[in-house]
Amino acid sequence: MEETWISKFKGLSRLPADIRKELEAGSKIISVPAGTQIFAPGQTADNLWLLLDGTVKVQQKSDTGREVFLYRVHAGESCVLTTACMLAFEDYAAEGTSETDVKAVAIPRKTFDELVAKSPVFREFVFTAYSRRITDLFTLIDDIVFQRMDVRLASRLLELADDDGIVHATHAVLGTELGTAREVISRTLSEFHRRGWVEQSRGEVRLIDKDGLERMVKSAGGHL
């Protein structure tokens, strides 16, 4: 196994040599293609995933079939839901899907349990990442309850845009991201287009004036 992956995760580089060796020996590097379902409701959490490359989208589906976006896991991060399920010995209550090709380190439950029990440094790493994600989820709740939809959409467009300023997502997908109807997204994007901030084509939104979107988000106290 490559030994360099540990340096990509803040906190793990401080592991003592014997614990570091045990972590490397007890884990494995895996790769999955884009669009792979990594976990689903009702499944057991058998491995803690630490992402090396790519992104994983975590979302939940209601009894009525409505999908609600929860958060993304990026390279250098772990999944808070997986951590919670492994600590509490509970099954998943949401779905995780690779949005891109993903490379990750999988730490099996046996290794995870042993290191959490005996390594203060590993335990600190796990709970620090967990608490940071919980804070992110509270921010999400605050946004849903208190932030205007146009501000939330502008912020999400800025987050999702690639290096060319293009967001590859349909109105329906953006609606799922923000927990609202496709029609609401369409109306808001039409207003953004009227202001000269975006241009739209099938399945994508091009950001023409990022500064305009950023000014609106900042003026409303939103999160960039």
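Residue numbers restart at each chain and count upward from 1, following the sequence in its written direction. Note on the predicted model: pLDDT of at least 70 is required for a residue's local features to be given, and 80 or more for side-chain atom pairs to be given and counted; whole-chain, interface and lining totals, by contrast, use all residues. The side-chain figures draw on all heavy atoms in the structure; neither hydrogens nor water molecules are used.

As recorded by an unreviewed UniProt entry, the protein chain carries the name CRP/FNR family transcriptional regulator and is attributed to Sulfitobacter noctilucicola.

### A closer look at the pairing of strand β10 (residues 204-207)
Residue alternation in β10 divides its side chains into a buried set, Val-205 and Leu-207, and an unburied set, Glu-204 and Arg-206. When strand β8 (residues 166-167) meets β10, the two strands line up antiparallel, connected through two bridges. Bridged to Val-167 within β10 is Val-205. For two strands to be treated as a pair, DSSP must find at least two bridges joining them. Helix numbering and strand numbering both begin at the N terminus, where a helix is a DSSP run of H or I of at least 4 residues and a strand a DSSP run of E of at least 2. Direction of pairing for strand β9 (residues 198-201) relative to β10: antiparallel, over a ladder of four bridges. Bridged to Ser-201 within β10 is Glu-204. Hairpin connection of β9 to β10: two residues between the antiparallel strands, including Gly-203 at a positive phi of 80°. Classification of residues uses two cut-offs on accessible area relative to the type maximum, computed with a 1.4 Å probe and protein chains only: under 20% is buried, over 50% is exposed, and between them is partly exposed.

### Observations regarding the nonpolar core
To qualify as a nonpolar core, a set must consist of buried Ala, Val, Leu, Ile, Met, Phe, Trp, Tyr and Cys residues joined through side-chain atoms within 4.5 Å. By size, the foremost hydrophobic cluster in this structure holds 38 residues, and its most contacted members are Trp-5, Leu-12, Leu-23, Leu-50, Leu-81 and Phe-122. Mapped by element, the contributors of at least two residues to this core are α1 (17-25), β3 (47-53), β4 (56-61), β5 (67-73), α2 (80-88), β7 (102-108), α3 (109-118) and α4 (120-146). In this structure Phe-122 touches Leu-12, Leu-15, Leu-23, Ile-107, Phe-112, Leu-115 and Val-116, once residues within four positions along its chain are discounted. By size, the runner-up hydrophobic cluster in this structure holds 20 residues, among which are Leu-158, Ala-161, Ala-169 and Ile-185. By definition, residues are in contact when any of their heavy atoms lie within 4.5 Å.

### Things to note about the sheet that holds β8
Spatial strand order, β8-β10-β9: three strands in an open sheet with antiparallel pairing. Where the open sheet ends on each side, the last strands, each with one partner, are β8 and β9. All axes here are fitted lines through C-alpha atoms, helices being fitted over the stretch that makes contact, and every angle between N-to-C directions spans 0 to 180 degrees. This element, helix α7 (residues 182-194), spans β9 and β10 of the sheet and lies at about 125° to β9.

### A closer look at α7
Helix span, as expected, comes to 1.5 Å for every residue beyond the first. Taking 1.5 Å of rise per residue, the 13 residues of α7 would be expected to cover 18 Å, and the 18 Å separating its terminal C-alpha atoms lies within 8% of that figure. Here α7 has its buried residues at Ile-185, Ser-186, Thr-188, Leu-189 and Phe-192. The inward-facing, buried residues of α7 abut α5 (149-160), α6 (171-178), β9, β10 and α8 (210-219). Looking at the residues trailing α7, positive phi occurs at Gly-196, about 85°.

### Brief notes about the environment of Ala-129
Inspection of the secondary structure assignment puts Ala-129 in helix α4. Spatially, the C-alpha atoms of Ala-129 and Lys-10 are 9.5 Å apart, while their sequence positions differ by 119 residues.

### Some points on the packing of α5 against α7
The N-to-C vectors of α5 and α7 enclose an angle of 75°; their axes lie 10 Å apart at closest approach. If you check the angle between α5 and α7, you find them roughly perpendicular. On α7, the residues that touch Met-149, Asp-150, Leu-153, Ala-154 and Leu-157 of α5 are Val-184, Ile-185, Thr-188, Leu-189 and Phe-192. Per-class residue counts for the contact of α5 with α7 are eight nonpolar, one polar and one charged. Oblique is the label for any angle not under 35 degrees, not over 145, and not in the 65 to 115 range, which are roughly parallel, roughly antiparallel and roughly perpendicular in turn. Note that Gly is not counted as nonpolar here; it falls among the polar residues with everything else outside the nonpolar set of Ala, Val, Leu, Ile, Met, Phe, Trp, Tyr, Cys and Pro and the charged set of Asp, Glu, Lys and Arg.

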